[in-house]
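Residue strings, one per chain:
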Amino acid sequence: MRRISMDGASMGARGLWLSLAWLSASAALGCGRREALPASQDPGAERPAQPAQLAPPAQPEEPAAPLQESRVERDGLSIAFALRPLDRGQQGGGAGPGAAPAAAVAGSDVVAEFTITDASTGAPVRGLTPLGWMSRRAGADGAAAASFSGGAPAASLASGAVDAAPDEAACRGKIKSFMAGLLSVRPEVDMNAYLLWTLNQDNSLSAINPQVALARTQLRSVVSLAGRGVSFVMHPDRESLYVTLRGGQGLAVVDTRRGLVRTNVPVGQDPSRVVVAPDGRTVWVGNDGDGTVSVIDARSTDVLRTLPVGPGHHEIAFTGGGRAAWITSQQGESVAVVDGETLEPLGEIAVGEGVVSIAASDEAGVVHAANAARGEVVILDVARRAVAGRVALKPGLGALQFDPRGRFSFALNPSANEVAVLDGATGAVAHTLTGLAAPDAVTFTGAFAYIRNRGAARVSLVDRSALGGPATPPLVDIAVGQGPPLAAAAPPGPAALATPIAPLPEGNGALVASPADKALYVYVEGMMAPIGTLPSYGREPRSILVEDRSLKEVRPGVYATTVRLGEGGLYDVELLLDRPRTGVCLEATVAPARCAPDDGEADASGCGGDPVKDIAIAPLFEPDLRLAAGEPATLRFRATAGEGGPPLDALDAEDIEVMVVRFPAGYRFRGAPRAEGDGTFSVAFTPPAPGQYRFLAAVPGRGAPVGALPFVPLRVSARGAGAQRGGAR
């Protein structure tokens, strides 16, 4: 077995640790003196907005006003930090024109944004790779934060309520400690993190924070789906996940920011494969039960077109940056080609019945289609839209995928325990990789191809740089977990739908889902074993996606990401730049979260704001309702204008958020309710285990965030213990 050797092997995954190579430059780090500015005093000519969408809105909007700003100058750079609302509806709170924006509230999701310009010319500084954190200053209690209002200078806080701002040495020390990944020194907000989304064997998605931190759960949220998930894909803007569902439940659109299902889109029968077009404007769903493909507008979620493409399972590939979609039908004879813009058919290419997968390479100008029954790969010429050749292999082909450069395609054969590597330019078999155990999925990093062995607890790596040579590159086997994936129950749909391996954001390793072990394994290239294990909290992860939440350049000189704020108080904002290598500290203030009006703590320190008086949530199920673990329930409630007031007919289901938490800590469920008319809404909930739970509803757009409205207790008994089912009245 050959040992992998590569530069930078010691670098780890962002969110688990940061490269210690940065620490050698600590002497060059310094912290500039910061100045807190009211929003109205920002001298910048243009305010950067939140991260742009791929599909631009029909009418451009003014950038959202910052909740607050802080500014510092150092080494010829002007650096401004702002917290901005995720959407315009968050900032005004209905206070009317001219009202000051609301303060950033503890526990809320906001856009953290750095604007970096040349101090002398004002020109944006582009192409940086910044790292950012927020740490709560010692002594910064909620009472001090409560005095902050809409961009007021931090100096307005009560004297002596918080410790002094860090000097240059202290700022440098905080940055070094955060980069070292010490368990004893962790920031409240990490802007360099990512989330792991797993599609589980049950009707759920899990969002897992891989960061190691004391007193924090790694399970960020669990999204309950209306049916068992088949496959899923993330939109390039990282704000939406699309999940195909069994049982006639269509396509679930999941809001990644809030961790709940935004809507379920009705599509065809038995939806299976889902892909997003390269331009991000449309989502394509293969409906295996009725021989169609549904094309959905990614922004509005409207079904734009339903295309008849032939019977059986469908796979979809794009060429020309999305100008053409190539669609297979396993029980049909042809591959359909559709115009990606007009959604009009461009023709059909006869390839023979039995095609199970398809992959495209713009670099080679070809499309490869794998026929499982015949054991061949059909080569399609993109320009002529015709068959250019057929490569005879062995029957039993499964997944087929091109490497990122489009030079080689990998045709996996779980029946023959081998992988054929085809040259995209010539169509010839360049290499045959043997000694595998039912290979069923392949993923790529910059240096390696990762092949999952469904019949063994290992992942096989192939050095991509050796693929162009005459000798077949050896396989490097990495033991992953205790049990092989096939030891777990078979997933729904074709096996090729699984995406059990996801590259790390740095591109130097991968995350591997092990359904048999109910765990996720972290592997970094250069090691001979995974460096860590993440629990999947009792669920069997079938597929995995990475949502990179690190700072990105969303506009020239503007670096932003979405973060969830910690407790109320005064925060230091630490920023490390790579060019020039500079560390600076700014500041931000977070207002305390609003407390429930009748929990006895509304007047306590740290509970800012007045109780919500114009909205009430009336449960339509009995108090202390007893549910059964593992059995679905429908919880109905009515939203009214205050206690005893009329129903809020104008309130839409998407305005309401529902959360069910296990008390006192642990499991958390967030779901999107369904409107039933007359101000009545319902949400489907399946409790995972016996215990005491709390049902909470929120209407953030009406000034009622989670925790502002009273909770309703729920009791969950073991299945078969005579608990009530459904919960509806």
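Provided above is the structure to which this section pertains.
The structure presented is a predicted model; accordingly, all values stated were derived computationally and were not measured.

Conventions adopted
Residues numbered from 1 in each chain as written. Predicted model: local features only at pLDDT ≥ 70, side-chain atom pairs only at ≥ 80, totals over all residues. Heavy atoms only, no water. Pairing = 2+ DSSP bridges. Helix = DSSP H or I, 4+ residues; strand = E, 2+ residues; numbered from the N terminus. Axes fitted to C-alpha atoms, helices over the stretch in contact; angles between N-to-C directions. Salt bridge = Lys/Arg side-chain N within 4 Å of Asp/Glu carboxyl O. Buried < 20%, exposed > 50% of the residue type's maximum accessible area, 1.4 Å probe, protein only.

Asker: Any details on the sheet that holds strand E51 (residues 712-717)? Residues and values, ideally.
Answerer: Strands in a sheet are paired, the pairing made by backbone hydrogen bonds, and the direction either parallel or antiparallel. Strand order in the open sheet made by the nine strands is E38-E7-E8-E9-E47-E46-E50-E51-E44, with mixed pairing throughout. Of all the strands in the sheet, just strand E38 (541-548) and strand E44 (625-628) have a single pairing partner and so form its edges. For this sheet, the mean inter-axis angle between neighbouring strands, taken without regard to orientation, is 25°.

Asker: Explain the environment of Gly 280 to me, using residue names and the numbers behind them.
Answerer: Relative to the elements of secondary structure, Gly 280 occurs in the loop between strand E14 (271-276) and strand E15 (282-287). Along the primary structure Gly 280 and Asp 237 are separated by 43 residues, whereas in three dimensions their C-alpha atoms are 8.1 Å apart.

Asker: Can you tell me about the pattern of salt bridges, naming the residues and giving the values?
Answerer: Enumeration according to the criterion identifies 25 salt bridges in this entry. Where Arg 84 meets Glu 69, a salt bridge forms, and the shortest distance between an N and an O atom there is 3.7 Å. Of this pair, Arg 84 sits in strand E3 (residues 77-85) while Glu 69 sits in strand E2 (residues 68-74), and the two are 15 residues apart along the sequence. Of the two residues, Arg 84 and Glu 69, both sit in the buried class. One salt bridge connects Arg 374 with Glu 376, and the closest N-O pair in it is separated by 3.8 Å. Note on Arg 374: relative accessible area 46%, which makes it partly exposed.

Asker: Go over unusual backbone geometry with me, naming the residues and quoting the values.
Answerer: Omega for the bond connecting Arg 579 with Pro 580 falls within 30 degrees of zero, at -15°, which places this linkage in the cis form. For Pro 580, the position within the fold is in the loop between strand E41 (569-578) and strand E42 (581-590). Despite not being glycine, Asp 75 shows a phi value in the positive range, around 50°. Residue classification places Asp 75 among the partly exposed residues on the basis of a relative accessible area of 48%. Of note, the phi angle at Tyr 537 is positive, near 60°, even though the residue is not glycine. Along the polypeptide, Tyr 537 turns up in the loop between strand E37 (532-535) and E38. When its relative accessible area of 30% is taken as the criterion, Tyr 537 is described as partly exposed.

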